[in-house]
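Listed here are the chains, written in short residue letters.
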Amino acid sequence: VTAAYASTDYRAQGQTIGHVLVDIATPPTGGLNLFNLYVALSRSSGRETIRLLCDFDRKHFQAAHTPELTREDNRLRSLDAQSSEWWHSLQVHRSQYS
């Protein structure tokens, strides 16, 4: 007997799991996207500790991101640039008065 548990990709986010058995077949409802695949496949600590439950459709890995995800990525990239610029201006301002 081997103890095991199951979880969704949402529930597994942020965790590293010692040994992982992944089912990346197309679900009966909804669908797979690159985010789901990334989370499912990146939970193990390495290639030696991950197994795929069944064959998968390679087109899932060749799909483009959804427009919503692309917009969000661009928004976050812009916020990062603004934050970096603000932080740099703070450092310059501090060095002038030190």
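Bear in mind the structure is a predicted one, so any value in this text is a computation, not a measurement.

K.L.:
Would you explain the overall build of the protein chain in this entry?
P.N.:
Secondary structure summary: the protein chain contains three helices and two strands in total. Overall, the protein chain shows an N-to-C arrangement of helices and strands of α-β-α-β-α. Reported as C-alpha extents along the three principal axes, the dimensions of the protein chain are approximately 65 × 35 × 20 Å. By residue count, 14% of the 98 residues in the protein chain fall in the buried class. For the protein chain, contacts bridging at least 24 residues in sequence account for 69% of all contacts bridging at least 6. About 8,400 Å² of surface is accessible on the protein chain, with carbon and sulfur atoms providing 55% of the total. The positive charge centre, built from 10 side chains, and the negative charge centre, built from 10, are 3 Å apart in the protein chain.

K.L.:
Looking at this structure, how should I read the nonpolar core?
P.N.:
What tends to happen in soluble globular proteins is that the nonpolar side chains get buried as a cluster. Listed in full, the seven residues of the largest apolar core are Ile-17, Val-20, Val-22, Ile-24, Leu-37, Ala-40 and Ile-50. Counting residues per element, the ones that place at least two in this core are strand S1 (20–22) and helix H2 (34–41). Residue contacts for Leu-37: discarding those within four places in its chain leaves Ile-24, Leu-32, His-60 and Phe-61.

What counts, and where the lines are drawn
Residues numbered from 1 in each chain as written. Predicted model: local features only at pLDDT ≥ 70, side-chain atom pairs only at ≥ 80, totals over all residues. Heavy atoms only, no water. Helix = DSSP H or I, 4+ residues; strand = E, 2+ residues; numbered from the N terminus. Buried < 20%, exposed > 50% of the residue type's maximum accessible area, 1.4 Å probe, protein only. Contact = heavy atoms within 4.5 Å. Areas by Shrake-Rupley, 256 points an atom, 1.4 Å probe, with all protein chains shown as cover. Lys, Arg positive; Asp, Glu negative; His and termini not counted. Charge placed at Lys NZ, Arg CZ, Asp CG, Glu CD. Core = buried A, V, L, I, M, F, W, Y, C linked by side-chain atoms within 4.5 Å.

Just geometry here; none of it tells us what the structure is for.
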